[in-house]
Structures are given as C-alpha cells and as structure tokens.
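# Descriptive structure summary
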Amino acid sequence: MPLVKVYMKSRQDIDKKVIAHRLRDKLQTILKVPKQDGPVTFLEIDSANWFMPEGWEEFC
C-alpha cells in the first residue's frame, strides 16, 4: 500500500480534499493501486520555516 505525503507551505486557499482525490485517482490509474489503498497526508509548514533554494521560484 503506497503512502503519499505532501509537504507544503501553509495555505488557506486550496482544497486539499480535491488534491488528495486526484492523487489517489492517479495512483489507481497509473500504478493500479486498489481503490481502498493509498492514503494521502498533508504536512503543512509555516511560512516562517519555508525557504526556497536560490534560483527556484514558488509557483503559488
């Protein structure tokens, strides 16, 4: 059973449930993971603790 962890900067403007469902759909389609498998966990990091490497851009 795959375990998906999404590390992200803390945000209020996204729907994590939609993202989790889409990730699980891809796991089922591409990796043939059973529908009941593949939990998705979001680990939110406070903005004060989020640092991008030099030269990288944040998409959102």
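See the structure above.
Here's what I pulled together on the structure shown here. (Residues numbered from 1 in each chain as written. Predicted model: local features only at pLDDT ≥ 70, side-chain atom pairs only at ≥ 80, totals over all residues. Heavy atoms only, no water.)

## Looking at the overall build of the chain
Within the chain, the secondary structure is distributed over one helix and two strands. Seen in sequence order, the chain has helices and strands lined up from the N terminus as β-α-β. Over its C-alpha trace the chain gives a radius of gyration of 14 Å, far above what one expects of a compact globule, namely 10 Å for 60 residues. Taking the principal axes of its C-alpha atoms as reference, the chain extends roughly 40 × 25 × 15 Å. For the chain, buried positions account for 15% of its 60 residues. Expressed as a percentage of contacts within the chain between residues at least 6 apart in sequence, the contacts between residues at least 24 apart total 66%. Carbon and sulfur atoms form 57% of the exposed surface of the chain, whose accessible area is close to 5200 Å². Both charge centroids of the chain, one from 10 positive and one from 9 negative side chains, sit 10 Å from each other. (Helix = DSSP H or I, 4+ residues; strand = E, 2+ residues; numbered from the N terminus. Rg over C-alpha atoms; globule rule 2.2 N^0.38 Å. Buried < 20%, exposed > 50% of the residue type's maximum accessible area, 1.4 Å probe, protein only. Contact = heavy atoms within 4.5 Å. Areas by Shrake-Rupley, 256 points an atom, 1.4 Å probe, with all protein chains shown as cover. Lys, Arg positive; Asp, Glu negative; His and termini not counted. Charge placed at Lys NZ, Arg CZ, Asp CG, Glu CD.)

## Section: the pairing of strand β1 (residues 4-9)
For β1 and strand β2 (residues 40-45), the ladder comprises six bridges, and the chain directions are parallel. Residue M8 lies in a different strand from β2, and its bridge partner there is E44. In this fold, the crossover linking β1 to β2 by way of helix α1 (residues 16-31) has right-handed handedness. (Pairing = 2+ DSSP bridges. Right-handed = clockwise from strand over helix to strand, strands pointing away.)

## Considering the nonpolar core
Core analysis: the largest hydrophobic core is formed by seven residues, namely V4, M8, A20, L27, V33, V40 and F42. Elements supplying a minimum of two residues to this core: β1, α1 and β2. (Core = buried A, V, L, I, M, F, W, Y, C linked by side-chain atoms within 4.5 Å.)

## Considering unusual backbone geometry
Phi at K32 is positive, roughly 60°, even though this residue is not glycine. Assignment of secondary structure puts K32 in the loop between α1 and β2.

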